[in-house]
Amino acid sequence: MDAHLSSSSYGLSEVGQRPPLGSYLAEAWRRRTFAFTFASYSLFGGLVRNRLGILWIVLKPLLIALIYGTIFGVLLSNAARPADFIPYVITGVFVFEYFTGSFGNAARSITGNAKLVQSLGFPRILLPISVVIEQTMRIVPILVLLGILLLVFGVPLAWSWLLVIPIMIMMGMFNLGAGLIVARMSVTTRDVQQLIPVINRFLLYASAIFFQVDVIFADNPVILTVAHLIPTYDYIALVRGVMLTDHPAPLLALVAAPVWAVVVVTVGVLYFWGAEARYGLSD
């Protein structure tokens, strides 16, 4: 073959070459069925190995809410603990579960599927995307249970509950962006995966799941502002604002939540795509 002939003339590309961003995203969209199928198999494949199966989707966050709710219910003062403490806690825990599942599993989406990455050619971004799809499948029954529990504890049903859908879409975008970032970092530095539980634990307490941040930091506006800018707090506050009328979301959270979603998913996609040609080479 003439050395002057470019491989691109024949629609070919070099092995290990990063594709243009537009082509990369277009190819990922064309193969979106793979992400949904992979997510479904991962979800149900993991559940069938347990005796209680699908019940664990709702039992896990329920047990977490019960344990932490009991501990903080005893430790917190009446001022820091809202009157509707149980609805307040379960709402926070259930929504936070969406982040922890996406963030932790996305970090392992490339390294945990090394054979797949090395043997098949496809946009690797589909693996973190499949993780978020799987966690979205998980959060649906959790939110249904949340609605039932809120009704049991006397929270009136309202049309505003439907606003949970766009809020969770925003949170899903943020989760994907954060997951893409740690997925790439985990490929080159496996130690990043050891930090994931630490980050999740920090955000568990920083997101005001168990206490009223506006009460505790009422005399410290700087710390209160920082607390209102924590992404997981913002999405939890928005869900509480539409489901628990006594806890309207602060204005800063209303502004910050969509900004976090757009900025983090954009940065995540660009950052992950930047190393596309290297995925699988060092595993």
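## Points about the pattern of salt bridges
Then step 1. Following the criterion strictly, the structure yields 3 salt bridges and no others.
Then step 2. One salt bridge in this structure joins Glu27 and Arg30, with 2.9 Å as the shortest N-O distance. In this pair, Glu27 and Arg30 are both assigned in helix α1 (residues 21-30), 3 residues apart and thus about one turn of the helix distant.
Then step 3. The exposure class assigned to Glu27 is partly exposed, which follows from its relative accessible area of 23%.
Then step 4. Owing to a relative accessible area of 55%, Arg30 belongs among the exposed residues under this scheme.
Then step 5. Close ionic contact of Arg138 with Glu134 constitutes a salt bridge, the shortest N to O distance being 3.5 Å. Residue Arg138 and its partner Glu134 are both found in helix α6 (residues 126-152); the two are separated by 4 residues, about one turn of the helix.
Then step 6. Via salt bridges that share partners, Glu27, Arg30 and Arg31 belong to a single interconnected network.

## What to know about the side chain of Asn200
Then step 1. On the secondary structure map, Asn200 appears in helix α8 (residues 192-206).
Then step 2. Apart from residues lying up to four places away in sequence, Asn200 is in contact with Phe96, Phe99, Thr100 and Phe103.

## Focus: empty space enclosed by the protein
Then step 1. In total, this model carries 1 cavity of 30 Å³ or more according to the counting rule given.
Then step 2. For the largest cavity, the calculated volume is near 30 Å³.
Then step 3. What lines the largest cavity is Arg184, Val187, Thr188, Ala275, Arg278 and Tyr279.
Then step 4. When grouped by side-chain class, the residues that make up the lining of the largest cavity number 3 nonpolar, 1 polar and 2 charged.

## Digging into the confidence of the model for the protein chain
Then step 1. Looking at the protein chain, pLDDT values average 84 and 86% of them are 70 or higher.
Then step 2. Note that pLDDT drops below 50 for residues 1-13; the model gives that stretch 2 contacts with residues more than four away or on any other chain.

## Overview of the packing of aromatic side chains
Then step 1. What the rule picks out here adds up to 8 aromatic pairs.
Then step 2. Between the aromatic rings of Phe99 and Phe103, the centroid separation amounts to 5.0 Å while the plane-to-plane angle is 20°, which identifies the pairing as stacked. Linking Phe99 with Phe103, this pair stays in helix α4 (residues 85-107), spanning 4 residues, or about one helical turn. Assigned by exposure class, Phe99 and Phe103 land together as buried.
Then step 3. Aromatic side chains Phe174 and Trp260 sit 6.3 Å apart centroid to centroid with 75° between the ring planes, which places their arrangement in the edge-to-face category. Highlighted residues: Phe174 in helix α7 (residues 164-188) and Trp260 in helix α12 (residues 251-273), separated in sequence by 86 residues.
Then step 4. For Phe174, a relative accessible area of 8% puts it in the buried group.
Then step 5. Exposure remark for Trp260: the relative accessible area of 30% places this residue in the partly exposed category.
Then step 6. Taken together, the ring pairs connect Phe96, Phe99, Phe103, Phe174, Tyr235 and Trp260 into an aromatic cluster.
Then step 7. Lying across the ring of Trp29, Arg32 places its NZ or CZ 4.1 Å from the centre.
Then step 8. Over the ring of Tyr88 we find Arg240, and its NZ or CZ is 3.5 Å from the ring centre.

## Structural notes on the environment of Val215
Then step 1. Position of Val215 relative to the elements: it lies in helix α9 (residues 213-216).
Then step 2. On the accessibility criterion, Val215 (38% relative accessible area) is partly exposed.
Then step 3. Separated by 133 residues in sequence, Val215 and Pro82 place their C-alpha atoms 9.6 Å apart.

## Some details on the environment of Gly92
Then step 1. Residue position: Gly92 is located in helix α4.
Then step 2. Judged by relative accessible area, Gly92 falls into the buried class, the value being 0%.
Then step 3. When the C-alpha atoms of Gly92 and Tyr235 are compared, they prove to be 9.3 Å apart, with 143 residues separating the residues in sequence.
Then step 4. Non-local contacts of Gly92, meaning those with residues more than four positions away in its chain, are made with Ile209, Ile236 and Arg240.

## A few points about the side chain of Glu276
Then step 1. Within the secondary structure, Glu276 is located in the segment after α12.
Then step 2. Within the buried set, Glu276 has no salt-bridge partner at all; the shortest N-O distance to an opposite charge, 4.6 Å, is to Arg124.
Then step 3. Those residues in contact with Glu276 that lie beyond four places of it in its chain are Arg18, Pro19, Tyr24, Phe122, Pro123, Arg124 and Ile125.

## A short note on α6
Then step 1. Helix length check: α6 (27 residues) gives 39 Å between terminal C-alpha atoms against 39 Å at 1.5 Å per residue, within 8%.
Then step 2. Gly154 lies just past α6 and shows a positive phi near 90°.

The rules behind the values
Residues numbered from 1 in each chain as written. Predicted model: local features only at pLDDT ≥ 70, side-chain atom pairs only at ≥ 80, totals over all residues. Heavy atoms only, no water. Salt bridge = Lys/Arg side-chain N within 4 Å of Asp/Glu carboxyl O. Helix = DSSP H or I, 4+ residues; strand = E, 2+ residues; numbered from the N terminus. Buried < 20%, exposed > 50% of the residue type's maximum accessible area, 1.4 Å probe, protein only. Contact = heavy atoms within 4.5 Å. 1 Å grid on protein atoms, 1.4 Å probe; cavity = no way out; pocket = protein on both sides within 12 Å on 5 of 7 lines; lining within 4 Å. Points joined across faces, edges and corners; volume = space filled by probe spheres on them. Nonpolar A, V, L, I, M, F, W, Y, C, P; charged D, E, K, R; others polar. pLDDT = per-residue confidence, 0-100. Phe/Tyr/Trp six-rings, centres within 6.5 Å; stacked < 30°, edge-to-face > 60°. Lys NZ or Arg CZ within 6 Å of the ring centre and 35° of its normal. Lys, Arg positive; Asp, Glu negative; His and termini not counted. Expected span 1.5 Å × (residues − 1).

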